[in-house]
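Chain and residue survey
This is what each chain is made of:
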Amino acid sequence: MTGGLATREPLAQAESAPKRTRTRRFGDWYAYLFIGPSLLGVVAFLLLPVVIVFVLSFFRWELLSAPTFVGLENYRRLAGDGQTWHSLWVTVGYVLLCVPLQTVLALTLAMLLNQRIKGIRFYRSLFVVPWMATPIVLGLIWNWIFDPRDGAINSALALVGITGPDWLSDSTWALPAVALVTVWQHTGYNMLFFLAGLQGIPKELYDAASTDGATPAQRFWKLTLPLLNPTMFFVMVTNLIGAFQIFDTVFVMTNGGPSGSTEVLNFRIFNTAFKQFDFGYASTLSVLLFVIILTVTLVQVRFFGKRTTYDLS
């Protein structure tokens, strides 16, 4: 009797194995059915345009005529294009103005708003409001704020006897002014990620550090900042990608001027493609921007990868 049961059990398991395999395969296709629309969108609107732009960089195309293959001519032209390299340095300057400042401000705000005080949810929401506005609208509003005669900033400076500059028409102040608008708009949004990261750090770790006699500064540098590395990684990557791709705020506020002092690389690509109708060379500039962003991202991945832990247990 016992031997018969022992014999039937392996047979039953062997018969059920194909059923489990078929069920697993059906589950895989069922999952692909759900991710299919999103995957199609990624291929059609992200991967395919990148491939097309890369291919077009080897052609001369003025939109109204058929593309003409020119090989590496566009890349040789890029090597000696001083205006493009000027735009690249303007972009790097803009990135250096924006990313460190908005990251530090966002982390500071998150620490201040990570408190149990009355109305804290209102204050958290208040700082996110600028991010919800479109850059075009914000650019128009800030154009008035920076107006040299009737603008809010120069009017406030006049009250204390200071004559403000012509912010957006001065090659010294135009780029910092545009960067200030970006920092003002995105600081609250980045603050949300840091706030989530802070709230994910177990309170017991701070209690143990306090018991060991750690000062607030030591707790921040030795505990808070290292445990915020995953959040810092995400914020830095997204901020750098966004800063390198800046266009709309520059387009509305300065149109690349004065004297090219705010002509970032994306704006240079726009002018090359839609004003000069040189889509082949514009594609070459887009490849340059893509390579720069990819390189910076990979450097960050390597830097943060060895310093990040996701297990706080």
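These remarks concern the structure in this document. (Residues numbered from 1 in each chain as written. Predicted model: local features only at pLDDT ≥ 70, side-chain atom pairs only at ≥ 80, totals over all residues. Heavy atoms only, no water.)

So, on to the overall build of the chain. Secondary structure assignment for the chain yields 13 helices and 2 strands. Here the chain, with 313 residues, has 35% of them falling under the buried criterion. Long-range contacts, defined here as pairs at least 24 residues apart, represent 67% of the contacts in the chain between residues at least 6 apart. (Helix = DSSP H or I, 4+ residues; strand = E, 2+ residues; numbered from the N terminus. Buried < 20%, exposed > 50% of the residue type's maximum accessible area, 1.4 Å probe, protein only. Contact = heavy atoms within 4.5 Å.)

Moving on, we get to the pattern of salt bridges. Evaluated as defined, the whole model comprises 4 salt bridges. Arginine 77 is the salt-bridge partner of aspartate 278, the closest N and O atoms lying 2.7 Å from each other. Taken together, the positions of aspartate 278 in the loop between helix H12 (265–274) and helix H13 (279–305) and arginine 77 in helix H2 (residues 73–79) put the pair 201 residues apart, joining distant regions of the chain. (Salt bridge = Lys/Arg side-chain N within 4 Å of Asp/Glu carboxyl O.)

Glancing now at a nonpolar patch on the surface. Residues Ile117, Phe122, Tyr123, Leu126, Phe127, Val129, Trp131 and Met132 make up a contiguous nonpolar surface patch of roughly 790 Å² in combined accessible area. Positionally, phenylalanine 127 belongs in helix H4 (residues 120–132). For phenylalanine 127, a relative accessible area of 32% translates into the label partly exposed. (Patch = residues over 30% accessible without salt bridge, like charges linked within 9 Å, V, L, I, M, F, W, Y side chains within 5 Å. Areas by Shrake-Rupley, 256 points an atom, 1.4 Å probe, with all protein chains shown as cover.)

As a further point, take the nonpolar core. Tyr94, Trp142, Phe146, Phe244 and Met253 are the most contacted members of the largest nonpolar core, which has 38 residues in total. Mapped onto this core, the elements with two or more residues apiece are helix H3 (82–113), helix H5 (135–145), helix H7 (174–199), helix H10 (229–244), helix H11 (248–253), H12 and H13. Counting residues per element, this core draws most heavily on H13, which supplies 8 residues. Setting aside anything within four residues of it in sequence, one finds phenylalanine 146 in contact with Ile153, Trp167, Leu168, Ala177, Leu180, Val181 and Met253. In terms of nonpolar packing, the next biggest core, distinct from the first, is built from 20 residues, Leu198, Ala209, Phe220 and Phe304 among them. (Core = buried A, V, L, I, M, F, W, Y, C linked by side-chain atoms within 4.5 Å.)

At a closest axis distance of 9 Å, the pairing of H3 and H10 adopts a crossing angle of 145°. Seen along the crossing, H3 lies across H10 with a hand that is right-handed. For the pair H3 and H10, contact is made by Thr91, Tyr94, Val95, Val99, Gln102, Thr103 and Leu107 and by Met232, Val235, Met236, Asn239, Leu240, Ala243 and Phe244, respectively. Taken together, the residues of the contact of H3 with H10 break down into 10 nonpolar, 4 polar and no charged. (Axes fitted to C-alpha atoms, helices over the stretch in contact; angles between N-to-C directions. Left-handed = near helix turned anticlockwise from the far one by under 90°. Nonpolar A, V, L, I, M, F, W, Y, C, P; charged D, E, K, R; others polar.)

For H5, every residue scored as buried is listed here: Leu138, Gly139, Trp142 and Ile145. Relative to the axis of H5, the buried residues are bounded by an arc of 115° and lie together on one face. In this structure, the buried residues of H5 make contact with H4, helix H6 (152–159), H7 and H11. (Arc of directions from axis to C-beta.)

Describing an aromatic ring pair means giving the distance of the ring centres and the angle of the ring planes. Summed over all chains, the structure comprises 23 aromatic pairs. Both rings, one in tyrosine 189 and one in phenylalanine 193, keep their centres 5.1 Å apart while their planes meet at 90°; by these two values the pair is edge-to-face. In this pair, tyrosine 189 and phenylalanine 193 both sit in helix H7, 4 residues apart, roughly one turn of the helix. Residue classification places tyrosine 189 among the partly exposed residues on the basis of a relative accessible area of 27%. Taken together, Trp61, Phe247, Phe251, Phe267, Phe270, Phe274 and Phe279 form an aromatic cluster joined through their ring pairs. (Phe/Tyr/Trp six-rings, centres within 6.5 Å; stacked < 30°, edge-to-face > 60°.)

Attention now moves to the side chain of aspartate 81. Within the element layout of this structure, aspartate 81 appears in the loop between H2 and H3. Within polar-contact distance, the side chain of aspartate 81 engages the side chain of threonine 84 at 2.6 Å. Contact partners of aspartate 81, with chain neighbours within four places excluded, come to Arg268 and Tyr281. (Polar contact = N/O pair within 3.5 Å; in protein donor to acceptor, adjacent residues only side chain to side chain.)

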